[in-house]
Amino acid sequence: MGAERARPVVLDTGALIAFERNDRRVRTLVELAVAHHRALHAPAGVIAQAWRDGRTQARIARLLGSDTVNITALDGNEARAVGVLCRETGTSDVVDASVVLVARRYSALVVTSDPGDIGRIDASLDLVAC
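Residues numbered from 1 in each chain as written. Predicted model: local features only at pLDDT ≥ 70, side-chain atom pairs only at ≥ 80, totals over all residues. Heavy atoms only, no water.

Asker: Would you mind showing me how to read the overall build of the chain here?
Answerer: For the chain, the count of helices and strands is seven helices and five strands. In sequence order, the chain lays out its α and β elements as β-α-α-β-α-α-β-α-α-β-α-β. What you see for the chain is a C-alpha radius of gyration of 14 Å, in line with the 14 Å of a compact globule of 130 residues. Across its three principal directions, the C-alpha atoms of the chain cover 40 × 35 × 25 Å. Burial status across the chain gives 41% buried among its 130 residues. Taking contacts inside the chain between residues at least 6 apart in sequence as the whole, the part at least 24 apart equals 62%. Approximately 7,000 Å² of the chain is accessible, and the part contributed by carbon and sulfur atoms is 50%. Looking at the chain, you have 16 positive and 16 negative side-chain charges, and the mean spots of the two groups are 3 Å apart. (Helix = DSSP H or I, 4+ residues; strand = E, 2+ residues; numbered from the N terminus. Rg over C-alpha atoms; globule rule 2.2 N^0.38 Å. Buried < 20%, exposed > 50% of the residue type's maximum accessible area, 1.4 Å probe, protein only. Contact = heavy atoms within 4.5 Å. Areas by Shrake-Rupley, 256 points an atom, 1.4 Å probe, with all protein chains shown as cover. Lys, Arg positive; Asp, Glu negative; His and termini not counted. Charge placed at Lys NZ, Arg CZ, Asp CG, Glu CD.)

Below, the structure written as structure tokens:
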């Protein structure tokens, strides 16, 4: 990586689910991000969509319980920004819109199971399909 700034990564719901299922590609992406000191982000809505039971979702529970993933809260300001983005892009998926906002905020790469949906909201984002 050298002097190049480590690029942050945003995980969507599908990426978290793939991580939980021990998908080798997603697991490797997360491990590389950690090894290269890239910040990992997940909007709170992503976690709500993926989370069912921490006792049976050990990998997600460990990942989210560590200092590895920054969770972006859906507070009043963020919720309004997500709503505006939904209006501007003609989408109703607030979770995908929140992924886009976090990716824009941090100039991040998005690991997603829905590259088409995320790309329709913002075609300029760099996406990695999982």
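Still more ground to cover, so stick around.
Asker: Any chance you could explain the side chain of His41 here in plain terms?
Answerer: Its location among the elements puts His41 in strand S2 (residues 40-43). Here His41 falls in the buried class, since its relative accessible area comes to 4%. If we ignore the near neighbours within four places in the chain, the residues touching His41 are Pro8, Val9, Val10, Leu11, Val69, Asn70, Val102 and Tyr106.

Asker: Would you mind going over the pattern of salt bridges with me for this structure?
Answerer: Pairing of side chains with opposite charge becomes possible as their charged atoms draw close. Under the counting rule described, the total for this entry stands at six salt bridges. Arg27 is paired through a salt bridge with Glu31; the nearest N and O atoms lie 3.6 Å apart. Taken as a pair, Arg27 and Glu31 lie in helix H2 (residues 24-35) at a separation of four residues, close to a single helical turn. Between Asp122 and Arg104 there is a salt bridge, with the nearest N and O atoms lying 2.7 Å from each other. Of this pair, Asp122 sits in the loop between helix H7 (115-121) and strand S5 (127-129) while Arg104 is found in helix H6 (residues 94-106), placing the two residues 18 residues apart along the sequence. (Salt bridge = Lys/Arg side-chain N within 4 Å of Asp/Glu carboxyl O.)

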